[in-house]
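Now for the letters of each chain:
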Amino acid sequence: MSLAALIGEDVITVQRQTASKDSSGGVARTWTDTYVDVPCRVEDASASAMQIYAMRQMVVTHRLFTQQSGIGMKDRIKTSDGRTLVVEDALKRRGIGGMETFYVVMAGELRAGS
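Presented here is an overview of the structure given in this document.

Cut-offs used in this document
Residues numbered from 1 in each chain as written. Predicted model: local features only at pLDDT ≥ 70, side-chain atom pairs only at ≥ 80, totals over all residues. Heavy atoms only, no water. Phe/Tyr/Trp six-rings, centres within 6.5 Å; stacked < 30°, edge-to-face > 60°. Helix = DSSP H or I, 4+ residues; strand = E, 2+ residues; numbered from the N terminus. Buried < 20%, exposed > 50% of the residue type's maximum accessible area, 1.4 Å probe, protein only. Core = buried A, V, L, I, M, F, W, Y, C linked by side-chain atoms within 4.5 Å. Contact = heavy atoms within 4.5 Å. Pairing = 2+ DSSP bridges. Axes fitted to C-alpha atoms, helices over the stretch in contact; angles between N-to-C directions. Salt bridge = Lys/Arg side-chain N within 4 Å of Asp/Glu carboxyl O.

1. With respect to the packing of aromatic side chains
And step 1. Scanning the model with the defined rule gives one aromatic pair in all.
And step 2. Summarising the aromatic geometry, the rings of Phe65 and Phe102 are spaced 6.4 Å apart at their centres and angled 45° between planes, so their arrangement reads as tilted. Residue Phe65 is located in strand β3 (residues 62–66), and its partner Phe102 is located in strand β6 (residues 102–110); the two are separated by 37 residues in the primary sequence. The burial state of Phe65 is the same as that of Phe102; both residues are buried.

Structure, rendered in structure tokens:
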């Protein structure tokens, strides 16, 4: 089984915040789709990972596995089941022994009204 087959259990949309001037001279912030229909695997973060990131003042509830490069800290992720996650860390994992390179994205879930 290929890495893509293992990762591709779900699809996400990655959004990045952009800022522009509004009509009154203030800043208007909007989210723009950066990557769409990205195959990934979404899992709950382990208790130890949540604790490690909490010591760094980061809220992590999920980890995602993907082959999509370019996902950055504070990007927003929309999952196909309606969850919204905020990226806290993205780690590149080098493929070895014929395995392809992939990324582990650590993210925290935004609750409704956040």
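2. Considering the nonpolar core
Among soluble globular proteins, nonpolar side chains are generally buried collectively.
And step 1. Of all hydrophobic cores here, the largest spans 12 residues; its members are Ile12, Val14, Val38, Cys40, Val42, Leu64, Ile71, Ile77, Leu85, Val87, Val105 and Ala107.
And step 2. Elements that contribute at least two residues to this core include exactly β1 (10–21), β2 (27–44), β5 (84–93) and β6.
And step 3. Apart from residues no more than four positions distant in its own chain, Val42 is found in contact with Asp10, Ile12, His62, Arg63, Leu64, Thr79 and Arg83.
And step 4. Counting 10 residues, the second-largest nonpolar core is a separate cluster that includes Tyr53, Met58, Val60 and Phe102.

3. Details of the sheet that holds β3
And step 1. The sheet built from six strands closes into a barrel, its strands ordered β1-β2-β3-β6-β5-β4 with antiparallel pairing. The average angle at which neighbouring strand axes cross in this sheet is 45°, direction not considered.

4. A look at the pattern of salt bridges
And step 1. In this structure the tally under the stated criterion is seven salt bridges.
And step 2. Its salt-bridge partner being Asp75, residue Arg16 comes within 2.6 Å of it at the nearest N-O pair. A residue pair is termed long-range when its members are at least 10 positions apart, and Arg16 in strand β1 and Asp75 in the loop between β3 and β4 (76–79) qualify at 59 residues.
And step 3. Residue Asp75 is classed as buried on the basis of its relative accessible area, which comes to 3%.

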